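# Summary of the model geometry
Each chain, written out:
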Amino acid sequence: MKILVTGGLGFIGSHTVVELQNEGFEVVVIDNLSNSSEDVLKGIEAITGKKPLFEKLDLRDKAAVQDFFKKHADVNGVIHFAASKAVGESVGNPLLYYENNISALVYILQELEKKENANFIFSSSCTVYGQAKTMPINEGSEVQPAMSPYGNTKQIGEEIITDVAKVSGINAILLRYFNPIGAHPSAEIGELPLGIPQNLVPFITQTGIGLRKELLVYGNDYPTPDGTCIRDYIHVVDLAKAHVVALQRLLNKKNQDKVETFNLGTGVGSSVLEVINAFEKVSGKKLAYRIVDRREGDVTLAYADTTKANDVLGWKTQSTLEQAMESAWKWEQKIRS
Ligand code: WQD
């Protein structure tokens with residue numbers, strides 16, 4: 001079984017490649033290295049003993065995508081991570097996001113629809129829910145108008161896949177991630193820090209290691225117990241394992257619809273201050289932080305109703321917030337050593 005993982009040298013992609021190899025799949029990775037490094041292949045091999053096939057390729061190059069699928073005609077399934085994913089950047093540069101996140105998806109689907117049967121796992125995001133009206137958030141929660149071009153590309157992507165699956169042999173699973181954090185416990189792979197981190201956890205670990213002066217906490221005047229925003233922080237290894245379970249569901253034809261959607265989270269909401277406390281507990285360090293104004297576009301609350309993922313997909317998270325923070329801290333220390 002050869003599986004294509006696009007964006008397979010990225011944060012979630014690389015952890016998923018490890019779990020696929022652990023399950024005996026042959027993996028071919030496509031990555032344009034715009035937000036990753038070929039060194040990640042060594043990290044994957046250090047963990048599994050197997051180096052995945054790798055093709056440096058930009059999925060916006062339609063001819064290159066066509067050539068790839070001619071060369072790898074035996075690909076049975078595709079897990080599609082490759083996309084630009086910085087919410088703030090997408091506001092300032094929407095066309096980069098529409099070109100990269102939509103064209104690439106269309107070119108891949110055009111190749112898959114030529115096959116009698118194709119299995120497609122799509123990296124989506126809880127961002128499609130915006131500020132959901134009820135908590136926890138289930139898959140039937142209303143998809144709200146996107147608050148950024150990035151979020152819009154996820155919503156449009158889901159709609160494109162749904163339309164194509166209706167008229168082709170493509171079976172798809174849309175995975176809506178909550179907040180992925182942490183790193184592989186071996187510290188051989190993790191979130192590659194390119195530039196100033198937009199997300200909370202890499203900013204915390206970089207502050208902890210002394211790379212950043214202090215963490216700015218974006219607001220403590222939200223209607224939550226401690227005033228800071230609440231999110232569902234999910235260990236990236238748990239998230240990676242969910243992709244393998246979803247792929248096997250399609251390969252074994254267990255899916256109940258041509259397109260299925262699952263929220264992937266822990267079901268537990270944690271505030272920014274609780275994440276900081278978890279870091280301080282696992283690192284033994286006091287974190288320097290300052291409360292500042294709210295960040296534009298942040299929702300107050302987002303955590304998953306995990307019932308469908310647990311009962312239908314047959315997957316649930318194993319790691320706690322502290323274990324995830326411990327792995328993030330171990331990774332930060334490793335890459336700065
Ligand atoms: C979490 C909380 C911030 C940084 C984003 C994307 C989402 C997904 C995950 C791709 C918020 C606070 C953060 C900082 C802070 N990405 N924070 N200081 O915004 O929930 O989700 O990343 O799919 O699509 O929207 O994650 O880590 O940026 O923020 O106080 O320096 O931490 O206000 O409450 P977010 P985040």
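Residues numbered from 1 in each chain as written. Predicted model: local features only at pLDDT ≥ 70, side-chain atom pairs only at ≥ 80, totals over all residues. Heavy atoms only, no water.

Around the ligand, the surrounding shell holds 18 residues, and the nearest of these are Tyr-150, Leu-200, Leu-216, Arg-231 and Asp-298. At a separation of 3.4 Å, an oxygen atom of the ligand approaches a polar backbone atom of Gln-198. Coverage of the ligand by the protein amounts to 89% of the 690 Å² it exposes when considered alone. At four residues, strand β8 (residues 215–218) tops the list of elements feeding residues into the shell around the ligand. A per-class count over the shell around the ligand returns ten nonpolar, five polar and three charged. Mapped onto the domain boundaries, the shell around the ligand takes at least three residues apiece from domain 1 (2–181 + 233–264) and domain 2 (200–230 + 267–336). (Near = heavy atom within 4 Å. Polar contact = N/O pair within 3.5 Å; in protein donor to acceptor, adjacent residues only side chain to side chain. Areas by Shrake-Rupley, 256 points an atom, 1.4 Å probe, with all protein chains shown as cover. Helix = DSSP H or I, 4+ residues; strand = E, 2+ residues; numbered from the N terminus. Nonpolar A, V, L, I, M, F, W, Y, C, P; charged D, E, K, R; others polar. Domains from an automatic or database assignment.)

With that settled, consider the nonpolar core. Ranked by size, the top nonpolar core spans 36 residues in total, and within it Leu-20, Ile-121, Leu-175 and Leu-264 carry the most contacts. Every element with two or more residues in this core is listed here: β1 (2–6), α1 (11–22), β2 (26–31), α2 (40–48), β6 (170–177), α8 (236–251), β11 (259–264) and α10 (307–313). Sort the elements by how many residues they give to this core and α8 lands first, with nine residues. The residue makeup of this core includes at least three contributed by each of domain 1 (2–181 + 233–264) and domain 2 (200–230 + 267–336). Each residue touching Leu-20, except ones within four places of it in the same chain, is listed here: Ile-3, Val-5, Phe-25, Val-27, Ile-79, Val-244 and Leu-247. In terms of nonpolar packing, the next biggest core, distinct from the first, is built from 30 residues, Val-75, Ile-108, Ile-160 and Ile-170 among them. (Core = buried A, V, L, I, M, F, W, Y, C linked by side-chain atoms within 4.5 Å. Buried < 20%, exposed > 50% of the residue type's maximum accessible area, 1.4 Å probe, protein only. Contact = heavy atoms within 4.5 Å.)

Looking now at the sheet that holds β2. The strand order across the open sheet built from seven strands is β3-β2-β1-β4-β5-β6-β11, with neighbouring strands paired in parallel fashion. Looking at strand neighbours, the two that pair on one side only are β3 (53–56) and β11, the edges of this open sheet. Across the sheet, the axes of successive neighbouring strands diverge by a mean angle of 20°, strand direction being ignored. Across six bridges, the pairing between β6 and β11 is parallel. Of the residues in β11, the one forming a bridge with Arg-176 is Asn-263. Helix α5 (residues 94–112) rests against β1, β4 (75–80), β5 (118–125) and β6 of the sheet, and its axis sits at about 160° to β5. (Pairing = 2+ DSSP bridges. Axes fitted to C-alpha atoms, helices over the stretch in contact; angles between N-to-C directions.)

When its domains are assigned, the protein chain resolves into domain 1 (2–181 + 233–264) and domain 2 (200–230 + 267–336). Here domain 1 and domain 2 have C-alpha centroids that lie 24 Å from each other. Taken together, the contact between domain 1 and domain 2 spans 24 residues of the former and 27 residues of the latter. Of the roughly 2,300 Å² buried between domain 1 and domain 2 on both sides combined, carbon and sulfur atoms contribute 69%. (Buried area = accessible area lost by both parts, 1.4 Å probe.)

Counting through the fold element by element, Phe-68 comes out in helix α3 (residues 62–71). Between the C-alpha atoms of Phe-68 and Glu-111, which are 43 residues apart in sequence, the distance is 9.6 Å. Phe-68 has contacts with Leu-4, Val-28, Ile-30, Glu-55, Leu-57 and Val-75, leaving out every residue within four places of it along the chain.

What the rule picks out here adds up to 20 salt bridges. The partner of Arg-60 in a salt bridge is Glu-99, and the shortest N-O contact between them spans 3.5 Å. One end of the pair, Arg-60, is in the loop between β3 and α3; the other, Glu-99, is in helix α5, with 39 residues separating them in the sequence. On the accessibility criterion, Arg-60 (28% relative accessible area) is partly exposed. Judged by its relative accessible area of 40%, Glu-99 is partly exposed. We note a salt bridge from Asp-298 to Arg-231, for which the minimum N-O separation is 3.9 Å. A residue pair is termed long-range when its members are at least 10 positions apart, and Asp-298 in the loop between β13 (289–292) and α10 and Arg-231 in strand β9 (residues 230–231) qualify at 67 residues. The same class applies to Asp-298 and to Arg-231, which are both buried. Overlapping salt bridges bring together Asp-58, Arg-60 and Glu-99 as one network. (Salt bridge = Lys/Arg side-chain N within 4 Å of Asp/Glu carboxyl O.)

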